[in-house]
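Analysis of the macromolecular model
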Amino acid sequence: MSDTQTVQQAPAAPVLDTVEHAAGTPDVEQPWAELGLKPDEYANIREIIGRRPTIAELAMYSVMWSEHCSYKSSKIHFKLWGENTTDEMREKLLVGIGENAGVVDIGDGWAVTFKVESHNHPSYIEPYQGAATGVGGIIRDIMSMGARPIAVMDPLRFGNLHHPDTQRVLPGVVAGVGGYGNCIGLPNIGGEVVFDDCYQGNPLVNALCVGAMRVEDIHLAKASGVGNKVILFGAKTGGDGIGGVSVLASETFDEGGPTKRPAVQVGDPFAEKVLIECCLDLYKAGVVDGIQDLGGAGLSCATSELASNGDGGMQVELDLVPLRDASLQPQEILMSESQERMMAVVEPKHLDEFMAITDKWDVEATVIGEVTDGEHLVITWHGETIVDVPPRSVAHEGPTYDRPLARPAYLDELNASGAASLGRPETGDDIRAQLLTLLGSPNLCDKSWITDQYDRYVLGNTALAQPDDSGVVRVDEETGRGVAVSTDCNGRFAKLDPYAGAQLALAEAYRNVATAGAAPLAVTDCLNFGSPEDPGVMWQFREAIRGIAEGCKFLGIPVTGGNVSFYNQTGDVAIHPTPVIGVLGVMDDVSKRSGSGFRSEDAHVYLLGTTRDELDGSEWAHVVHKHLGGHPPKVDLAAEQALGRVLVEAARAGIVEAAHDLSEGGLAIALAEACMRHGVGVTIDGLDRVGVDDEGNALDAFTALFSESSARALVAVPAGHAAELEALLGDVPHARIGVTGGRDLEVTGVFTASIAELKAAHEFTLPAVFGA
Amino acid sequence: MRIGVVTFPGSLDDRDAARAVRECGGEAVALWHGDADLKGVDAVILPGGFSYGDYLRCGAIARFAPVMDALVPAAKGGLPVLGICNGFQVLTESHLLPGALIRNDHRKFNCVDQRLVVENASTAWTSDFEAGQEITIVLKNGEGGYVADERTLDELEGEGRVVFRYVTDAEGRNPNGSYRDIAGITNARGNVVGLMPHPEHAVEAGYGPSLDGRGFFTSIITQTLESAANA
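These figures come from a predicted structure and were not determined experimentally. (Residues numbered from 1 in each chain as written. Chains lettered and ligands numbered in written order. Predicted model: local features only at pLDDT ≥ 70, side-chain atom pairs only at ≥ 80, totals over all residues.)

**A word on the overall build of chain B**
So the rule is basically this: Helix and strand assignments follow DSSP, with helices taken as H or I runs no shorter than four residues and strands as E runs no shorter than two, numbered in order from the N terminus. Computation of the radius of gyration draws on C-alpha atoms alone. For the globule rule, the value is 2.2 Å times the number of residues to the power 0.38. We call a residue exposed when 12 or fewer other C-beta atoms sit within 10 Å of its C-beta, buried when the count reaches 20 or more, and partly exposed for counts in between; the C-beta positions come from the backbone. C-beta atoms are first placed from the backbone for all residues, and any pair lying within 7 Å is then listed as a contact.
Summing up its helical and strand segments, chain B has five helices and 11 strands in all. Over its C-alpha trace chain B gives a radius of gyration of 16 Å, about what one expects of a compact globule, namely 17 Å for 231 residues. Projected onto the principal axes, the alpha-carbon positions of chain B cover approximately 50 × 40 × 35 Å. Taken over 231 residues, chain B has a buried fraction of 56%. Intrachain contacts of chain B at a sequence separation of at least 6 include 75% that bridge at least 24 residues.

Set out below in structure tokens:
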């Protein structure tokens, strides 16, 4: 009927910007600036391809050359990783930095992959979806290595707990992390929740995922083998997340097309759960030659990286991509960050089997192209070529900046103002009151309002989860072999000294893993910083990388991968440098892991490590005096290693009743937490044995209780095993400081607080702000 | 002793339920949502998870899966069926059990080690417990508030069909706003049991809050072995 035909007639299509068209119209104004490219970057693109880019090519380069995808400000410093990786460290690495995630050998034929990434900016704009898709994205990275994801963790940082915007951001982020992780069925086994004014307006939402596979099942992101099919599978492509990694160029792309879209993606955990099971079936069937997830920069990234990592070219028919919105323009399809999509390279002989498996899971799969013997990535739109580029130039040969760096001028003054000048509590009652204040302070209070919104049990392999020091999961159900993971960072220490602060973060994560009884094996990092265009921030960044790289070399554990998040700042004010470090350790049998709480009466309590008067940057100075200044605690990686050895050996020997790391809040908080965990008290009669001052006199009670010296842990062993522990200690400094039992935390001669009082101070902080 | 565990798209605790069956001496048989085939099993578990994403009412779509075409008549004929969490939601949506599960009264997902009282120890899935026994197993859900009209609630109570009740906190509150603190119920015949908490996460030392979940699986395994011996 003619009426209907009139209605359905599309508006006159704009001229398709083909390669041929671009070659013939060299002087067309292009929206490179709106897409976030710099003038010299645009000129560079023109030089690489010998003409002006088509709008589709421009879209691809703009997202792939964004800071997020290209690491253009940071990668010049990455050579520090390589320079500090020894052959011995490399031996444990099955896959190193550069792939979707690093892979390490944990023995018995098992490989484990893990990685932490940031989703900071989206989570500030749209907390629920930002956090949810952060979890979804890191899970796909792990899947694309060939692994079954087995656990997630979320290091979170927010502004002031009592700021109204924190009450907008935090509940949404927590619900998003839980909503995605719970629905996809991965246990959330740990992470961090930190509050500091410096994160106001720049919350940090980092997400870590761990996956496991047999060594022979490792898959890589590469497209090789001429004639092999390129398959896009999973969700349809929509208009969400366009330019999520760069800048949205609305004027140009909106003309006659879909209306403005938010740059934040929308997650569908159910689709991803099905995708996980489908991928695992595909791997098991042996029908996948190369695989890549679609995350930041969507199809632009997947096609160019797969082709760049392979040995030939790639041809893609973009009009075959299944769409949620038929009005999307080709450049938008290339930039879309729609979630829950994967791309596989499959040999033609396996195509039918591949499709049968995706059909079984009701996952839509479409052959959109193939590997060619050329050298270019060629993308067509209804038969016309709209992209014809060398894939390496898009994926791996983006710009590199050696940005200026300079030690910030404020540091001298900051370092000069230590905690020595702060008023210290003098009586036992004062110490007791300050302990209760600290226990209820935002960073040390009970976090179960948050962590109870996460499923920590699903999959049935969780041996330890928050609030213990590490998350521990079983990998091999026959033998109990498994892994422990901890993430840590004290941004205040990194602010005072980014080199030492980064090493302290590494040391704490290493120690937490060892405290659980696992031998530390590998590292991932999420480097959250301010603007790289600020020389002071760039100096912090360089110092932190140097600290991590040199620290890892000393400890003999390699960095396997990670993520850089810049531009976490508002105006001139950057966040504290926050290099979040994740350490992964291995246990032969995770049922032997050590928990952090006292379990029974009459266990002997030991403090291992050296305690000094180190309160600069401490939680006590932060909470009681709102003070930050001085120098962070001494880094002693040899001591960490020696302590770690004892903790692992003691767990292996099966003599540990409880083991707990000392960090923020020092011995006092560690003791209170160990008591509250299972409601078993302790009497500390050996506080004078904790440490000595420069003159050799016993440290005063306050310093002994609240100092944050590193390389320390509490260990409780049944009385009958005390000699066994002491025999393991070697030259690790130690003191037997008390005995478990009763319902109080009693520090003889200083104070007594009942566990009920400790819990009352500890448990109501978050419910008071966010509701029960 | 073969116990089927159904996998719907979005089932999450299916592998855990199968492991629990094996840990307790049974044989776990995988059943697929798309096949109206119970493979001759002696009992069926509908596991936890988010079937089909549960973007509509939980369990509302799973109810229409082909496997349910086989399961519903079998359950009505006496086949023992245990619905855990999402499985309980599927059982109420299928009208094998009365009432409904709605969003927790505090509006949040909640994962805790939960104390329960076993009120009925004579169902197919609870015969290894004692009536009045207190157990601690994992509770983890966003939509676990059990609701039904007064008449149904009275009927359940009157017929002893409340199988588990939550132990309430100091203020007398249960963890999700369930009417009359109901955590799990059974049908009149006692072969179909549904509950929100997760027994399959409490069957192995070191991986869960207790070993209290074993009783669910040993009950059915013992019972089926006995009935096989008597046959």
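Picking up after the structure, the text goes on.
**Brief notes about the overall build of chain A**
Scanning chain A for helices and strands turns up 29 helices and 28 strands. Relative to the 2.2 N^0.38 estimate, which gives 28 Å for 772 residues, the radius of gyration of chain A is 27 Å and therefore close to what a compact globule would have. Structurally, chain A occupies a C-alpha span of about 95 × 55 × 55 Å along its principal axes. Once local pairs closer than 6 in sequence are excluded, the contacts in chain A between residues at least 24 apart make up 85%.

**Considering the confidence of the model for chain A**
All names here are of chain A. Our working rule: For every residue, the predictor assigns a confidence score, pLDDT, that lies between 0 and 100.
In this model, chain A carries a mean pLDDT of 93, and residues with pLDDT of at least 70 account for 95%. Segment residues 1-11 is flagged for pLDDT under 50; beyond a separation of four residues in sequence, or across chains, it makes one contact in the model. Long-range and interchain partners of residues 247-261, a stretch whose pLDDT sits below 50, account for 30 contacts in this model, where long-range means more than four residues apart.

**A closer look at the packing of helix H9 (residues 127-143) of chain A against helix H10 (residues 164-184) of chain A**
Residues and elements named next belong to chain A. Definition in use: Here an axis means a line fitted to C-alpha atoms, over the contact stretch when the element is a helix, while the angle between two N-to-C directions is reported on a 0 to 180 degree scale. Each helix crossing is assigned a hand: it is left-handed if the near helix lies turned anticlockwise from the far helix by less than a right angle, otherwise right-handed if that turn is clockwise. In the scheme used here, Gly and all other residues not listed as nonpolar or charged are polar, with Ala, Val, Leu, Ile, Met, Phe, Trp, Tyr, Cys and Pro taken as nonpolar and Asp, Glu, Lys and Arg as charged.
Relative orientation of the contacting elements H9 and H10 amounts to 40 degrees, with a least axis distance of 7 Å. By crossing handedness, the relation of H9 to H10 is classed as right-handed. Contacts between H9 and H10 pair Pro127, Tyr128, Gln129, Gly130, Ala131, Ala132, Val135, Gly136 and Ile139 from the former with Val169, Gly172, Val173, Ala175, Gly176, Val177, Gly179, Tyr180, Gly181 and Ile184 from the latter. Of the residues contributing to the contact of H9 with H10, the split by class is 12 nonpolar, seven polar and no charged.

**Some details on helix H21 (residues 498-516) of chain A**
Residue and element names in this part refer to chain A. To keep it simple, the criterion reads: A helix is expected to span 1.5 Å for every residue after the first.
Helix length check: H21, at 19 residues, gives a terminal C-alpha distance of 27 Å against a target of 27 Å (1.5 Å per residue), a fit within 8%. For H21, the buried fraction is high: 19 of the 19 residues fall into the buried class. Backbone geometry just downstream of H21 places glycine 517 in the positive-phi region, at approximately 110 degrees.

**Examining the domain arrangement of chain A**
All names here are of chain A. Stated precisely, the cut-off is as follows: Domain start and stop points were drawn from an automatic or database domain assignment.
In terms of domains, chain A is made up of domain 1 (16-74 + 227-372) and domain 2 (84-216 + 409-770). Placing a centre on the C-alpha atoms of domain 1 and another on those of domain 2 gives a separation of 38 Å. Facing 25 residues of domain 1, the contacting portion of domain 2 comprises 26 residues. At eight residues, the largest contribution of residues to the side of domain 1 that touches domain 2 is made by helix H12 (residues 269-285). Partitioned by chemical class, the residues of the side of domain 1 that touches domain 2 number 12 nonpolar, eight polar and five charged.

**What to know about the nonpolar core**
Residues and elements named next belong to chain A. Defined as follows: For our purposes the nonpolar core covers buried Ala, Val, Leu, Ile, Met, Phe, Trp, Tyr and Cys residues that link as a set through C-beta atoms within 7 Å.
Among the nonpolar cores identified, the biggest contains 315 residues, and Val483, Cys675 and Val715 are the most heavily contacted of them. Per-element accounting of this core gives the leading share, 12 residues, to H21. Taken together, domain 1 (16-74 + 227-372) and domain 2 (84-216 + 409-770) each give at least three residues to this core, which thus spans both. Those residues in contact with valine 715 that lie beyond four places of it in its chain are Tyr606, Leu608, Ala650, Val656, Ala659 and Leu725.

**Some thoughts on the pairing of strand E2 (residues 27-32) of chain B**
Regular strands show a simple pattern: their side chains alternate between the two faces of the sheet. Residues and elements named next belong to chain B. What counts, and what does not: Only strands joined by at least two bridges in the DSSP assignment are considered to pair. When the strands point away from the viewer and the path from the first strand over the helix to the second turns clockwise, the crossover is right-handed.
Taken together, the six bridges between strand E1 (residues 2-7) and E2 define a ladder with parallel strand orientation. Counterpart to valine 5 in the pairing with E2 is alanine 30. What joins E1 to E2 is helix H1 (residues 14-23), and the crossover it makes is right-handed.

**Some words on the sheet that holds strand E27 (residues 744-747) of chain A**
Residues and elements named next belong to chain A. Pairing in this open sheet of seven strands is mixed, and the strands run E23-E25-E22-E26-E24-E27-E28 from one edge to the other. The open sheet has two free edges, formed respectively by strand E23 (658-661) and strand E28 (751-754), since each of these has just one partner strand. Neighbour-to-neighbour, the strand axes of the sheet open up by a mean angle of 20 degrees, direction not taken into account. Running over the sheet, helix H27 (residues 722-729) touches strand E22 (603-608), strand E25 (713-718) and strand E26 (734-740) and is turned about 140 degrees from E25.

**Observations regarding the environment of glutamate 726 of chain A**
Tracing the backbone shows glutamate 726 of chain A in helix H27. The sequence separation of glutamate 726 of chain A and leucine 766 of chain A amounts to 40 residues, and the corresponding C-alpha distance is 40 Å.

**Thoughts on unusual backbone geometry**
All names here are of chain A. Across the junction of glutamine 466 and proline 467, the peptide omega takes the value 5 degrees, indicating a cis bond. Despite not being glycine, aspartate 108 shows a phi value in the positive range, around 55 degrees. With 13 C-beta atoms packed within 10 Å, aspartate 108 lands in the partly exposed category. The backbone phi angle of tyrosine 567 is positive, close to 65 degrees, even though this residue is not glycine. Looking at the element boundaries, tyrosine 567 is found in the loop between strand E18 (559-565) and strand E19 (569-570).

**Some remarks on H1 of chain B**
Residues and elements named next belong to chain B. Within H1, eight of the 10 residues are buried, which leaves it mostly tucked inside the rest of the structure. Listing the buried residues of H1 in full gives Asp14, Arg15, Asp16, Ala17, Ala18, Arg19, Ala20 and Val21. Among the residues trailing H1, glycine 25 stands out with phi positive, at a value near 100 degrees.

**Topic: the pairing of strand E11 (residues 365-372) of chain A**
Residue and element names in this part refer to chain A. Alignment of strand E7 (residues 229-234) against E11, held across five bridges, turns out to be antiparallel. When the sheet's bridge partners are listed, valine 230 is paired in E11 with glycine 369. Relative to E11, strand E9 (residues 313-317) runs antiparallel, the two being bridged by four bridges. The residue bridging methionine 314 from the neighbouring strand is valine 371, located in E11.

**So, the confidence of the model for chain B**
Looking at chain B as a whole, its pLDDT mean stands at 96, while 99% of the residues score no less than 70. Among the scores for the predicted complex, ipTM is 0.96 and pTM is 0.94.

**Comments concerning the sheet that holds strand E8 (residues 290-293) of chain A**
Residue and element names in this part refer to chain A. With respect to topology, seven strands assemble into an open sheet ordered E8-E10-E7-E11-E9-E12-E13, the strand pairing being mixed. Where the open sheet ends on each side, the last strands, each with one partner, are E8 and strand E13 (384-389). Strand-to-strand twist in this sheet, taken as the mean axis angle between neighbours without regard to direction, amounts to 20 degrees. Relative to strand E10 (residues 341-346), E7 runs antiparallel, the two being bridged by six bridges. Bridging across to E10, lysine 229 finds its partner in valine 346.

**Concerning the environment of asparagine 490 of chain A**
All names here are of chain A. Summarising the element assignment, asparagine 490 is placed in the loop between strand E16 (482-488) and helix H20 (491-496). Owing to 25 C-beta atoms within 10 Å, asparagine 490 belongs among the buried residues under this scheme. Sequence spacing of asparagine 490 and glycine 536 is 46 residues, and the spatial spacing of their C-alpha atoms is 19 Å. When sequence neighbours within four positions are dropped, the list of residues in contact with asparagine 490 reads Gly501, Leu504, Ala505 and Glu664.

**Concerning the packing of H10 of chain A against H12 of chain A**
All names here are of chain A. The geometry of H10 relative to H12 is characterised by a closest axis approach of 8 Å and an angle of 35 degrees between their N-to-C directions. With respect to the hand of their crossing, H10 and H12 are arranged in right-handed fashion. For the pair H10 and H12, contact is made by Tyr180, Cys183 and Ile184 and by Pro269, Phe270, Glu272 and Lys273, respectively. In terms of residue class, the contact of H10 with H12 is made up of five nonpolar, no polar and two charged.

**Here we look at the environment of alanine 344 of chain A**
Residue and element names in this part refer to chain A. Topologically, alanine 344 is positioned in strand E10. Using a count of 27 C-beta atoms within 10 Å as the deciding quantity, one classes alanine 344 as buried. Between the alpha carbons of alanine 344 and alanine 519 there is a distance of 35 Å; along the sequence they are 175 residues apart. With near-sequence residues (within four places) excluded, alanine 344 lies in contact with Ile231, Phe233, Val288, Gly290 and Ile291.

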